[in-house]
Amino acid sequence: AQTGTGKTAAFALPMLQNLIPDQRQVQGLVLTPTRELAMQVASAVYEFGQHRQARVLAVYGGQSYSRQITRLKKGIDIVIGTPGRMLDLIRQKVLDLSAVHTVVLDEADEMLSMGFIEDIQAILDETPTRRQTALFSATMPSEIRRLASQYLNDPFSVAIQREQMTVAGIEQRYYLVNAQDKTAALTRLFEVEPITRALIFTRTRVSSGDLANELTTRGFAAEVLNGDLAQDARERVLNRFRQAQIKVLV
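Keep in mind it's a predicted model, so treat the numbers as computed, not measured.

Novice: Would you take a moment to explain the overall build of the protein for this structure?
Specialist: Scanning the protein from N- to C-terminus turns up ten helices and eight strands. Expressed as lengths along the three principal axes of its C-alpha atoms, the size of the protein is roughly 60 × 40 × 35 Å. When each of the 250 residues of the protein is scored for burial, the buried share is 38%. Residue pairs in contact within the protein that sit at least 24 positions apart in sequence constitute 67% of those at least 6 positions apart. Total accessible area on the protein is roughly 15300 Å²; 49% of this is exposed by carbon and sulfur atoms.

Below you can see the structure in the form of structure tokens.
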């Protein structure tokens, strides 16, 4: 299904509804391909689960092990995270999945393309065979179908037909310009369009830094977000963007 249609609620609300109160073991598990998605899903699940006093923890690389381990030892209901960090915590004997009754693979195709398939299989092997497993994917390549047939028992498939390629309210345009004219064209857009905040995607990390510097030089408050930044730095940049302290995120 498309972005903004409520996929997180579709798996989070049933998972929260099925929580057994006062258990000190992990009951729900959500695997995501990226740190940012783990944080986003954890925030939503926490908000949905406030009235049930659900204890939710996001685990991902770039964050302190000690904090995550301390939280796990105190008792967590739902863990959401990236495969690599989750596997590390399992191997350290601090993440016990023996009581999990619901597993969600969110953006399964992205996890597959990022090479997480073996980590996912190792994590699923740590969960009980009697569990509910939900797999969310924008596409269904053969590897995803093979994963589903291996780990899902007689699965029911739901495919949402797209009525349109983008959600309502998004206007699409494209401009054909020479490579050397792209920055000038971009600057012109900022001058003539009522843009309050903008996301710009570039092909490489180097070009993202170069473009952010160039836009700042031209008077547009821009910062870069890429894999060269440490996790805490990435979170600070995202927060500044959310709070409109910066106009452009490259």
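Novice: What am I meant to see in the sheet that holds strand β5 (residues 132-135) here?
Specialist: Strand pairing in a sheet relies on backbone hydrogen bonds. The paired strands run either parallel or antiparallel. Within the open sheet, the five strands sit side by side as β2-β3-β1-β4-β5. Their pairing is parallel. The strands lining the two open edges of the sheet, one partner per strand, are β2 (56-59) and β5. Looking at each pair of strands side by side, their axes are set apart by 15 degrees on average, direction ignored. Across four bridges, strand β1 (residues 28-31) lies against strand β3 (residues 78-81) in parallel orientation. The residue bridging G28 from the neighbouring strand is I78, located in β3. Most of the contacts of helix α1 (residues 7-17) go to β1, to which it runs at about 160 degrees, and overall it touches β1, β3 and β4 (102-105).

Novice: Would you mind showing me how to read unusual backbone geometry here?
Specialist: Comment: phi is negative for the bulk of residues other than glycine, and the bulk of peptide bonds are trans. Of note, Q53 is a non-glycine position whose phi angle comes to about 50 degrees, a positive value. With respect to the secondary-structure elements, Q53 resides in the loop between α2 (35-48) and β2. Within the chain, D154 stands out as a residue other than glycine whose phi angle is a positive 50 degrees. By secondary structure assignment, the location of D154 is in the loop between α7 (142-151) and α8 (182-192).

Novice: Sorry, what's going on with the packing of α1 against α2 here?
Specialist: Interaxial distance between α1 and α2 falls to 10 Å at its minimum, and their mutual angle equals 45 degrees. In terms of orientation, α1 lies oblique with respect to α2. By crossing handedness, the relation of α1 to α2 is classed as right-handed. Residues T8, A9, F11, A12, L13 and L16 of α1 lie in contact with α2, whose contacting residues are V41, A44, V45 and F48. Partitioned by chemical class, the residues of the contact of α1 with α2 number nine nonpolar, one polar and no charged.

Novice: What's the story with the pattern of salt bridges in this structure? I'm lost.
Specialist: Oppositely charged side chains can form a pair if their charged atoms are brought close together. Under the criterion given, the structure shown has nine salt bridges. E36 serves as the salt-bridge partner of R234, at 3.2 Å between the closest nitrogen and oxygen. On the criterion of sequence distance, the pair formed by R234 in helix α10 (residues 231-242) and E36 in helix α2 is long-range, its members being 198 residues apart. Residue E36 is classed as partly exposed on the basis of its relative accessible area of 22%. Between R218 and E214 there is a salt bridge, with the nearest N and O atoms lying 2.7 Å from each other. A single network of salt bridges, built from pairs that share partners, joins E171, R173 and E193.

Conventions and cut-offs
- Residues numbered from 1 in each chain as written.
- Predicted model: local features only at pLDDT ≥ 70, side-chain atom pairs only at ≥ 80, totals over all residues.
- Heavy atoms only, no water.
- Helix = DSSP H or I, 4+ residues; strand = E, 2+ residues; numbered from the N terminus.
- Buried < 20%, exposed > 50% of the residue type's maximum accessible area, 1.4 Å probe, protein only.
- Contact = heavy atoms within 4.5 Å.
- Areas by Shrake-Rupley, 256 points an atom, 1.4 Å probe, with all protein chains shown as cover.
- Pairing = 2+ DSSP bridges.
- Axes fitted to C-alpha atoms, helices over the stretch in contact; angles between N-to-C directions.
- Parallel < 35°, antiparallel > 145°, perpendicular 65-115°, else oblique.
- Left-handed = near helix turned anticlockwise from the far one by under 90°.
- Nonpolar A, V, L, I, M, F, W, Y, C, P; charged D, E, K, R; others polar.
- Salt bridge = Lys/Arg side-chain N within 4 Å of Asp/Glu carboxyl O.

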